[in-house]
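# Structural description and commentary
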Amino acid sequence: METKFVTITKAEPQSPGIREAARIIQNGGLTAFPTETVYGLGGNALDADASRKIYKAKGRPSDNPLIVHIADFEELPALVSEIPDAARVLMRLYWPGPMTLIFRKTERVPSGTTGGLDTVAVRMPSHPVARALIRAAQVPIAAPSANLSGRPSPTKASHVWEDMKGRIDLILDGGEVGIGLESTIVDVTGPVPALLRPGYISEQMLQEALGRITVDAASIGPVSAGLRPKAPGMKYRHYAPEAPLTLVRGEPARVEKAICFHVKEALLAGEDVGVLCALESLPLYRGRLGADCSSCPQLREMSCECRGTEKKGDGRLVLAAAGARQRPEEIAHNLYDVLRFFDSVRVGRIFSECFEDGELAGAVMNRLEKAAGYHRMDV
Ligand code: AMP
Ligand code: MG
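We now turn to the structure provided with this report. (Residues numbered from 1 in each chain as written. Chains lettered and ligands numbered in written order. Predicted model: local features only at pLDDT ≥ 70, side-chain atom pairs only at ≥ 80, totals over all residues. Heavy atoms only, no water.)

## Points about the overall build of the protein
For the record, the criterion: Helix and strand assignments follow DSSP, with helices taken as H or I runs no shorter than four residues and strands as E runs no shorter than two, numbered in order from the N terminus. The size measure is the radius of gyration over C-alpha atoms, and the globule rule it meets is 2.2 Å times the number of residues to the 0.38 power. To sort residues, take the accessible area from a 1.4 Å probe on protein chains only and compare it with the maximum for the residue type: under 20% means buried, over 50% means exposed, and anything in between is partly exposed. Accessibility throughout is a Shrake-Rupley quantity obtained with a 1.4 Å probe, and a residue counts as covered only by protein chains that appear here. None of His or the chain ends enter the tally, which takes Lys and Arg as positive and Asp and Glu as negative. Lys charges are placed at NZ, Arg charges at CZ, Asp charges at CG and Glu charges at CD.
The helix and strand inventory of the protein stands at 10 helices and 18 strands. Computed over C-alpha atoms, the radius of gyration of the protein comes to 21 Å, within 12% of the 21 Å expected from 2.2 N^0.38 for 379 residues, which places it in the range of a compact globule. Expressed along its principal axes, the backbone C-alpha trace of the protein runs to roughly 60 × 45 × 35 Å. Relative to its 379 residues, the protein shows a buried fraction of 58%. As presented, the protein carries roughly 15500 Å² of accessible surface, and 50% of it is formed by carbon and sulfur atoms. Here the protein contributes 46 positively and 46 negatively charged side chains, and the mean placements of these two sets differ by 3 Å.

This is the structure:
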């Protein structure tokens, strides 16, 4: 299949790129599009065949349900059989926005879209391109993240191209996404709302809005035998770079020392190693590990990131900063791009600092822990 790539400059339902994408969705095809969280891979949510195509394009297990995207509140009653009070509170506060709610579904939503569940995940995105596309298509759009299953979610159209070229009909390029992490998922079907996946809307924000919430164990720790996550997707290895990733956690000085020690060992053993760190720690690793980024052709010096590679011992050292520690939203925004960068330079293993400052820390660490397969060194 040939995949078209269209850059969107005007996010209106009538603009040509959006109309073409909408027609593809109406005809049962697939279109990737930007949202404020990550890029989505969209198909008609009411068409079980379109959902099957989404699973196939992503290589996603078919028991992992899709999120259904709507643009207006009037679309909700056709999809869900009940709108609990907690949902009304959250929708008033955070829709349109980066929050997905789990409802009981109506007959109109095919079980092929919901992985066989009798519930459905619904979100109303705020991104103008996503909203224009849903309105132009005139159907709710089922859209998981537009990456191959298991890979880091796409935050740029070029990431989607890497993963989906030849597998889908069209990619709408609307530039970089804003947030960079997937939506917060809240299950409102039970007596107490449950947080199934942390995101930009934090646990504290939900608690303030609702008074009481529970947190699904699978959203904060490894899925052990016998534990069935309420969001089926949480059981899979996710968001992960190809190389094994180890998180190093503790006092900053000890973390730096431990990372330098392990990196030097690996370099001497001839391994190519990546270090994922905060912008502030870059000079330290450069100094201690002897990387001379100024002479490195791959250096990318920007306000939020600095990357370089340098021969050291027999192995190759790759340093990448996701952002400044004081700006967690910058770290969230760049995290997947940096993980994909490590894939592109083919390091053999990665060590990462932990980013535990600020309200976004829950979401950032959830993605990093999963990317690391919960492999962590406490120092
Ligand atoms: P993605 O679309 O890639 O962001 O993944 C969607 C996430 O939403 C996965 O973790 C799913 O398991 C979760 N999800 C979708 N529908 C439901 C549902 N009906 N109940 C619980 N979790 C859901
Ligand atoms: Mg995903």
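## Quick look at the packing of aromatic side chains
Definition in use: Ring geometry is summarised as follows: Phe, Tyr and Trp rings, the Trp one being its six-membered ring, pair when their centres sit within 6.5 Å, and such pairs are stacked at plane angles under 30 degrees, edge-to-face over 60 and tilted between the two.
Counting across every chain of the model gives 4 aromatic pairs. Judged by centre distance (5.9 Å) and plane angle (85°), the ring pair of Phe-5 and Trp-161 falls under edge-to-face. Here Phe-5 is found in strand β1 (residues 4-7), whereas its partner Trp-161 is found in helix α5 (residues 157-164), with 156 residues between them in sequence. For Phe-5, a relative accessible area of 36% corresponds to the partly exposed category. Residues Phe-73 and Trp-95 carry aromatic rings whose centres are separated by 6.3 Å and whose planes lie at 45° to one another, so their mutual orientation is tilted. Within this pair, whereas Phe-73 is found in the loop between β4 (67-69) and α3 (85-94), its partner Trp-95 is found in the loop between α3 and β5 (99-104), the two being separated by 22 residues in sequence. The exposure class assigned to Trp-95 is buried, which follows from its relative accessible area of 5%.

## Some thoughts on a positive patch on the surface
Under the convention used in this document: A patch consists of residues exposed above 30% relative accessible area that lack any salt bridge, with like charges linked at up to 9 Å and nonpolar side chains (Val, Leu, Ile, Met, Phe, Trp, Tyr) linked at up to 5 Å. For salt bridges, the criterion is a side-chain nitrogen of Lys or Arg within 4 Å of an Asp or Glu carboxyl oxygen.
On the surface, Arg-254, Lys-257, Lys-264 and Arg-288 cluster together into a positively charged patch. If one sorts the elements of the positive patch by residue count, helix α7 (residues 252-268) sits on top with 3 residues. One can find Arg-254 in helix α7.

## Here's the deal with the pairing of strand β16 (residues 315-323)
As a reminder, the rule being used: Only strands that DSSP links by at least two bridges are regarded as paired with each other.
In terms of burial, β16 is a largely internal element, 9 of the 9 residues being buried. Two elements, strand β13 (residues 273-278) and β16, share 6 bridges in a ladder whose sense is parallel. Paired with Ala-278 across the strands is Gly-323, a residue of β16.

## Section: helix α9 (residues 328-344)
Every α-helix carries 3.6 residues per turn, so stepping three or four residues along brings you back to the same face. Which entries qualify depends on this criterion: Multiplying one less than the number of residues by 1.5 Å gives the expected span of a helix. Consider a residue and the seven residues that end there alongside the seven that start there; fitting an axis to each set, the bend is the angle between those axes.
Taking 1.5 Å per residue, 17 residues should reach 24 Å; α9 reaches 24 Å between its end C-alpha atoms and fits that length. The largest bend along α9 reaches roughly 40° and is located at Asn-334. Downstream of α9 by a residue or two, Arg-346 has a phi angle that is positive, lying close to 55°.

## Topic: the environment of Glu-251
Checked against the element boundaries, Glu-251 lands in the loop between β12 (245-249) and α7. Given a relative accessible area of 55%, Glu-251 falls into the exposed group. Between the alpha carbons of Glu-251 and Val-379 there is a distance of 7.6 Å; along the sequence they are 128 residues apart.

## A look at unusual backbone geometry
Excluding glycine, a negative phi dihedral is what most residues carry, and trans is how most peptide bonds are arranged. Residue Pro-96 is reached from Trp-95 by a cis peptide bond, and omega for that bond is -5°. Turning to its location among the elements, Pro-96 is positioned in the loop between α3 and β5. Phi is positive for Gln-138, which is not a glycine, with a value near 60°. Examined against the element boundaries, Gln-138 turns out to sit in the loop between α4 (128-137) and β7 (141-142). For Gln-138, a relative accessible area of 67% gives the class exposed. Of note in this structure, Tyr-374 is not a glycine but carries a positive phi near 60°. With respect to the helices, strands and loops of the structure, Tyr-374 is situated in the loop between α10 (361-371) and β18 (376-378).

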